[in-house]
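Topology and contacts: notes
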Amino acid sequence: MSTSPLKFSSLDQPLFGDLLKGDLVEYLDFVADRFVPVLAGRQLSVWRVLRGQDPFMQKNVPKYTPAYVRTVEVWAEASHRKIRYAVCDDEQTLMWFANQRAVEYHVPLYLGDHFGDDHHQTHMVLDVDPPEGAGFDVVVSSALLIREALAAAGLEGLVKTSGAKGVHIFVPLEEHSPDDVAAATRAVAARAEKLDPDLATTAYIRAERGGKVFLDSTRAWGATVVAAYSPRLREGLPISFPVPWESLRDVTPADFTVRSRFEEDPWRELMPGAQRLPADLIAEGHTIPVARVVAMHEGKRRKREREGQE
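Residues numbered from 1 in each chain as written. Predicted model: local features only at pLDDT ≥ 70, side-chain atom pairs only at ≥ 80, totals over all residues. Heavy atoms only, no water.

This brings us to the packing of aromatic side chains. A complete count under the given rule lists eleven aromatic pairs for this structure. Relative to Phe256, the ring of Phe241 lies with its centre 4.6 Å away and its plane at 20 degrees, an arrangement referred to as stacked. Residue Phe241 is found in the loop between β13 (224-226) and β14 (242-243), and its partner Phe256 is found in the loop between β14 and α5 (266-270); the two are separated by 15 residues along the sequence. In this structure an aromatic cluster arises from ring pairing among Phe30, Tyr229, Phe241, Phe256 and Phe262. A cation over an aromatic ring shows up here: Arg34 above the ring of Phe30, its NZ or CZ 4.7 Å from the ring centre. Taking NZ or CZ as reference, Arg261 lies 5.0 Å from the ring centre of Phe30, over its face. (Phe/Tyr/Trp six-rings, centres within 6.5 Å; stacked < 30°, edge-to-face > 60°. Helix = DSSP H or I, 4+ residues; strand = E, 2+ residues; numbered from the N terminus. Lys NZ or Arg CZ within 6 Å of the ring centre and 35° of its normal.)

Moving on, we come to the domain arrangement of the protein. Segmentation of the protein into domains returns domain 1 (14-108) and domain 2 (123-221 + 272-298). A C-alpha centroid distance of 28 Å is found between domain 1 and domain 2. (Domains from an automatic or database assignment.)

Attention shifts here to the environment of Leu11. Within the secondary structure, Leu11 is located in the segment before β1 (14-16). Each C-alpha atom, one on Leu11 and one on Trp221, is 38 Å from the other, the two residues being 210 residues apart in sequence. Ignoring sequence-local partners within four residues, the contact set of Leu11 consists of Leu20, Lys21, Gly22 and Val25. (Contact = heavy atoms within 4.5 Å.)

The next thing to look at is the packing of helix α1 (residues 21-39) against helix α2 (residues 91-99). Where α1 contacts α2, the axes come no closer than 9 Å and their chain directions differ by 150 degrees. With respect to each other, α1 and α2 are oriented roughly antiparallel. As α1 packs across α2, the resulting crossing turns out to be right-handed. Two secondary-structure elements touch here, α1 through Lys21, Leu24, Val25, Leu28, Asp29, Ala32, Asp33, Phe35, Val36 and Leu39 and α2 through Glu91, Leu94, Met95, Ala98 and Asn99. A breakdown of the residues in the contact of α1 with α2 according to their chemical character gives ten nonpolar, one polar and four charged. (Axes fitted to C-alpha atoms, helices over the stretch in contact; angles between N-to-C directions. Parallel < 35°, antiparallel > 145°, perpendicular 65-115°, else oblique. Left-handed = near helix turned anticlockwise from the far one by under 90°. Nonpolar A, V, L, I, M, F, W, Y, C, P; charged D, E, K, R; others polar.)

On to the packing of helix α3 (residues 136-152) against helix α4 (residues 178-195), then. Close contact between α3 and α4 brings their axes to 8 Å; oriented N to C, the two are set at 115 degrees. The handedness of the crossing between α3 and α4 is right-handed. Each of Leu145, Ile146, Glu148, Ala149 and Leu150 in α3 lies in contact with α4, whose residues at this interface are Val188, Arg191, Ala192 and Leu195. Here the residues of the contact of α3 with α4 sort into seven nonpolar, no polar and two charged.

This paragraph deals with the nonpolar core. Core analysis: the biggest nonpolar cluster contains 81 residues, and Leu28, Leu94, Tyr105, Met124 and Tyr229 have the highest contact counts within it. Ranked by residues supplied to this core, first place goes to α1 with ten residues. Mapped onto the domain boundaries, this core takes at least three residues apiece from domain 1 (14-108) and domain 2 (123-221 + 272-298). Among the nonpolar cores identified, the runner-up in size contains six residues, and Val72, Val74, Ile83 and Tyr85 belong to it. (Core = buried A, V, L, I, M, F, W, Y, C linked by side-chain atoms within 4.5 Å. Buried < 20%, exposed > 50% of the residue type's maximum accessible area, 1.4 Å probe, protein only.)

A separate point is unusual backbone geometry. Here the phi dihedral of Ser10 falls at roughly 55 degrees; this positive angle occurs in a residue that is not glycine. The topology assignment puts Ser10 in the segment before β1.

Moving on: α4. Helix length check: α4 (18 residues) gives 26 Å between terminal C-alpha atoms against 26 Å at 1.5 Å per residue, within 8%. Of all the residues in α4, the buried ones are Pro178, Val181, Ala182, Ala183, Ala184, Thr185, Arg186, Ala187, Val188, Ala189, Ala190 and Ala192. Elements that come into contact with the buried residues of α4 comprise β8 (123-129), α3, β12 (213-216) and α6 (279-285). (Expected span 1.5 Å × (residues − 1).)

We now examine the pattern of salt bridges. Here the structure, examined in full by the defined rule, presents 13 salt bridges. The shortest N-O distance in the salt bridge between Arg70 and Asp89 comes to 2.7 Å. Taken as a pair, Arg70 in strand β5 (residues 70-76) and Asp89 in the loop between β6 (81-87) and α2 lie far apart in primary sequence, 19 residues in all. With a relative accessible area of 39%, Arg70 lands in the partly exposed category. On the basis of relative accessible area, Asp89 is assigned to the partly exposed category, the value being 32%. Here Arg191 makes a salt bridge to Glu284, at a shortest N to O gap of 2.7 Å. Placement of the pair is Arg191 in helix α4 and Glu284 in helix α6, with a sequence separation of 93 residues. Exposure remark for Glu284: the relative accessible area of 23% places this residue in the partly exposed category. (Salt bridge = Lys/Arg side-chain N within 4 Å of Asp/Glu carboxyl O.)

Quick look at the structure:
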């Protein structure tokens, strides 16, 4: 158990499914030396599970947060208020969150207090999301399309299970403008889709995907992603785990849980070095409309159409 002076409470209380709070605390204590470097320097959002309550996302830290937890205040344009985020730079902070029954750990793709010119996106991320009822095999096949598209552009990424149904592909980056990273992400997804349009799609609107695997290119700008090694609020508390490409067909997301024990640090060991995005990839991406904007306009169009029929 951690050498932190923190006193853990109610470790035998039910947490999620048949797992106890103690199972979460033991896992986070075990993985802390590898997990903290993934979280460090990034504003932290967590999903907590309190007794008798539904899980909830916490961004703003509570007033009783101890002084040793580093925090940053960020203006949230959407809610027109300041949010005081925690930054998990050490094991003591992580174990405090464990004692708070924080199960999932989500971080932005940039380091620092604010996203902008001084804090560039450290990774390009593509999210592979299967349709309802699909097996993990179609996720793997779709992820390999992205790997092929990346390789054709001279890029290399790391793949990790999301801890849910899909996978995330991370490409570490040299410094680029946020617009260029977002554009390149769209271009990679579009190129991967063209390799097998019967399997994968970049259609943002769910009803237009036709039962295909969604290649999500919207993890850009201020987007967050579940961190490597983070548990997920799913049956058995699976964890988001980095996997060698050559082993991807041999695993499922359920293979990695809070009860897993491993000595290696695949997030660090498998991560390629920072890379420069090709100019042609960026230029191509700038010709592709932003998916969320397209979906917003389409929603407005459909609403006007419905209102016109009434």
